[in-house]
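Take a look at the letters that make up each chain.
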Amino acid sequence: MPTPPRAQPPLQRRLGLPSAIAIGLASMLGAGVFTVWAPAARAAGSGPGLLAALAIAAFIAYCNARSSARLAALHPQSGGAYVYGTVRLHPAAGFAAGWGFLVGKTASGAAMALTLGAYLLPGHPRALAAAAVVAFCAVNLLGVKRTALASAVFAGITVAVLAIVVAAGLTGPVAARPLGDTHPWGVLTAAGFVFFAFAGYARIATLGEEVSRPEKTIPRAVAITLGATVLVYAAVAVTALSVLGAGTLAESTAPLADLAAAAAPAVKPLVAVGAGIATAGVLLSLLAGIGRTALAMARDGRLPGPLTAVSERFGVPWAAEVAASAVVLVMVSTMDLAGAIGFSGFCVLIYYAVANASAVTLDARAPLPWMGLAGCLLVAASLPMAAVLGGLAVFAAGAVWFWITERRSAA
């Protein structure tokens with residue numbers, strides 16, 4: 001094991017249940033709900049197939065959430081599945097989880113920033129994306145309570161916009177156009193796309209070192225957040241299918257904007273603003289989660305030692321936050337959004353596979369961790385080939401880096 005760097009002050013437990021719920025909701029009720037329906041409908045092949053994919057993604061998310069919540073209560077440290085895999089399985093498993101989270105979520109952060117720019121400043125999306133990354137890095141550096149407050153505002157606005165869209169769809173004209181037959185393997189692929197919209201509840205676990213009474217707060221926050229998100233997503237999916245149909249939905253580049261235009265055109269500008277705000281909430285919490293995982297890995301010598309620096313005034317891992325934001329800025333200026341959801345989904349599904357495998361060590365007879373592990377691996381394998389190959393290449397590079405750190409520690 002690499003020699004840990006010089007000790008830094010611990011993070012402070014400042015988050016209660018409402019704050020943890022706010023961060024979880026802002027993480028999940030974000031850009032995913034505005035973007036995943038079109039690629040998921042194309043992959044599933046029909047409306048019933050899309051709803052089946054939603055159910056599969058929700059069940060896998062539930063298994064992952066239960067595993068993450070139990071582990072976070074026992075190991076209330078920053079880092080999430082990186083810590084669980086390291087402690088309960090093997091350092092290599094923990095490193096794979098942390099590596100997948102960092103790479104997948106960094107790509108996702110860049111994608112969210114670019115989505116925000118595309119919705120709110122279509123003429124100059126990269127400029128607004130870069131400005132948003134810098135601004136949210138600054139917010140996170142002011143302390144986790146500022147992150148929670150901003151997350152609560154973003155989540156509240158997002159829920160209000162989605163409620164207006166659903167209400168407009170239920171009361172507006174119906175012109176649904178069917179798509180075709182359900183593709184069984186495509187349903188799994190669609191579940192992978194939809195899972196991208198769920199993959200925010202782990203943000204609560206990655207902040208475990210800053211949650212008060214984590215053994216009670218984290219499981220409750222995860223359960224409440226996931227339950228509320230499933231209800232919102234189901235309402236949005238059913239409304240979109242009833243108004244647009246799977247055929248129109250599959251061809252849409254802005255599904256909820258098209259839904260609003262078909263049902264109540266006056267609501268369409270509100271959807272664009274809501275999508276931008278929702279994306280802002282995801283980006284804010286993403287940067288916080290990436291920074292905490294980088295902190296945990298740096299503490300163990302798996303990343304450069306300077307990343308362990310924690311601000312004594314604000315109690316945040318400022319060096320890891322700044323480094324994560326800098327990498328996202330580079331990706332914002334160079335990244336192509338095509339395939340970003342699939343690539344991020346593959347890396348994050350491997351992250352949760354490690355979390356479920358870690359939870360198996362708590363009780364090997366419990367079925368949910370086994371089902372979550374199998375579901376993560378199956379859905380990850382069903383994603384588009386480019387996403388799978390890109391993800392495998394990333395983990396191969398991570399394996400080389402892990403070997404280097406092991407050799408360095410043994411020297």
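What comes next concerns the included structure. Please read these numbers as outputs of a predicted model, since none were measured by experiment. (Residues numbered from 1 in each chain as written. Predicted model: local features only at pLDDT ≥ 70, side-chain atom pairs only at ≥ 80, totals over all residues. Heavy atoms only, no water.)

## Section: the overall build of the protein
Here's step 1: A tally of helices and strands in the protein yields 18 helices and zero strands.
Here's step 2: Expressed as a percentage of its 411 residues, the buried residues of the protein come to 59%.
Here's step 3: For the protein, contacts bridging at least 24 residues in sequence account for 84% of all contacts bridging at least 6.
Here's step 4: Accessible surface, the protein: about 15100 Å² in total, of which carbon and sulfur atoms supply 71%. (Helix = DSSP H or I, 4+ residues; strand = E, 2+ residues; numbered from the N terminus. Buried < 20%, exposed > 50% of the residue type's maximum accessible area, 1.4 Å probe, protein only. Contact = heavy atoms within 4.5 Å. Areas by Shrake-Rupley, 256 points an atom, 1.4 Å probe, with all protein chains shown as cover.)

## Some points on the side chain of Ser344
Here's step 1: Along the chain, the position of Ser344 falls in helix α16 (residues 340-360).
Here's step 2: With relative accessibility at 1%, the residue Ser344 sits in the buried group.
Here's step 3: A polar side-chain atom of Ser344 sits 3.0 Å from the main-chain carbonyl oxygen of Gly104.
Here's step 4: Excluding its chain neighbours within four sequence positions, the residues that come into contact with Ser344 are Gly104, Ser108 and Phe196. (Polar contact = N/O pair within 3.5 Å; in protein donor to acceptor, adjacent residues only side chain to side chain.)

## Quick word on the pattern of salt bridges
Here's step 1: Per the stated rule, a full pass over the model turns up two salt bridges.
Here's step 2: Arg302 is paired through a salt bridge with Glu406; the nearest N and O atoms lie 2.9 Å apart. Residue Arg302 is located in the loop between α14 (268-299) and α15 (318-334), and its partner Glu406 is located in helix α18 (residues 385-410); the two are separated by 104 residues in the primary sequence.
Here's step 3: The partner of Asp363 in a salt bridge is Arg365, with the nearest N and O atoms 3.7 Å apart.
Here's step 4: Looking at Asp363, the relative accessible area reads 28%, which means it is partly exposed. (Salt bridge = Lys/Arg side-chain N within 4 Å of Asp/Glu carboxyl O.)

## Let's talk about the nonpolar core
Where a protein is soluble and globular, its nonpolar side chains tend to be buried together.
Here's step 1: Core analysis: the biggest nonpolar cluster contains 136 residues, and Phe34, Trp37, Phe195, Phe198 and Tyr233 have the highest contact counts within it.
Here's step 2: If near-sequence neighbours (up to four positions away) are discounted, Trp37 is found in contact with Leu50, Leu54, Tyr233, Val236, Ala237, Leu249, Pro255 and Leu256. (Core = buried A, V, L, I, M, F, W, Y, C linked by side-chain atoms within 4.5 Å.)

## Overview of the state of the cysteines
What we call a disulfide is simply a covalent bond connecting the sulfur atoms of a pair of cysteines.
Here's step 1: One pass over the full model with this rule turns up zero disulfides.
Here's step 2: Cys63 takes part in no disulfide bond, and the closest cysteine sulfur to it belongs to Cys376, at a distance of 8.3 Å.
Here's step 3: The exposure class of Cys63 is buried, given its relative accessible area of 0%. (Disulfide = S-S within 2.5 Å.)

## A closer look at a nonpolar patch on the surface
Here's step 1: On the surface, Phe59, Tyr62 and Met371 cluster together to form a nonpolar patch covering roughly 270 Å² of accessible area.
Here's step 2: Take Phe59: its relative accessible area is 36%, and that puts it in the partly exposed class. (Patch = residues over 30% accessible without salt bridge, like charges linked within 9 Å, V, L, I, M, F, W, Y side chains within 5 Å.)

## A closer look at the environment of Phe154
Here's step 1: The residue Phe154 is located in helix α8 (residues 144-171) in this model.
Here's step 2: Put simply, Phe154 and Ile277 are 123 residues apart on the chain and 6.1 Å apart in space, counted from C-alpha to C-alpha.
Here's step 3: Beyond its immediate chain neighbours, meaning those up to four positions away, Phe154 contacts Phe136, Ile277, Ala280, Gly281 and Leu284.

## As for α18
Along an α-helix, residues three or four apart share an orientation, since each turn contains 3.6 residues.
Here's step 1: Compared with the 38 Å implied by 1.5 Å per residue over 26 residues, the 37 Å span of α18 between its first and last C-alpha is a close match.
Here's step 2: For α18, every residue scored as buried is listed here: Ala387, Val388, Gly391, Val394, Phe395, Gly398, Phe402 and Thr405.
Here's step 3: Next to the buried residues of α18 lie α6 (91-120), α16 and α17 (367-382). (Expected span 1.5 Å × (residues − 1).)

## As for the packing of helix α4 (residues 47-74) against α17
Here's step 1: One way to put it is that α4 packs onto α17 with a least axis distance of 8 Å and a crossing angle of 130°. Classified by the angle their axes make, α4 and α17 are oblique. When the axes of α4 and α17 are compared, the crossing they make is left-handed. Side by side, α4 and α17 meet where Phe59, Ile60, Tyr62, Cys63, Asn64, Arg66 and Ser67 of the first sit next to Leu368, Pro369, Met371, Gly372, Gly375, Cys376 and Val379 of the second.
Here's step 2: The residue makeup of the contact of α4 with α17, split by class, is nine nonpolar, four polar and one charged. (Axes fitted to C-alpha atoms, helices over the stretch in contact; angles between N-to-C directions. Parallel < 35°, antiparallel > 145°, perpendicular 65-115°, else oblique. Left-handed = near helix turned anticlockwise from the far one by under 90°. Nonpolar A, V, L, I, M, F, W, Y, C, P; charged D, E, K, R; others polar.)

## Topic: the packing of aromatic side chains
Aromatic rings considered in pairs are described by the distance between their centres and by the relative angle of their planes.
Here's step 1: Throughout the structure, instances matching the rule amount to eight aromatic pairs.
Here's step 2: Here the aromatic rings of Phe101 and Tyr351 are separated by 5.0 Å at their centres, their planes lie at 40°, and the arrangement is tilted. Linking Phe101 in helix α6 with Tyr351 in helix α16, this pair joins segments that are 250 residues apart in sequence. You'll find Phe101 and Tyr351 in the same group, each marked buried. (Phe/Tyr/Trp six-rings, centres within 6.5 Å; stacked < 30°, edge-to-face > 60°.)

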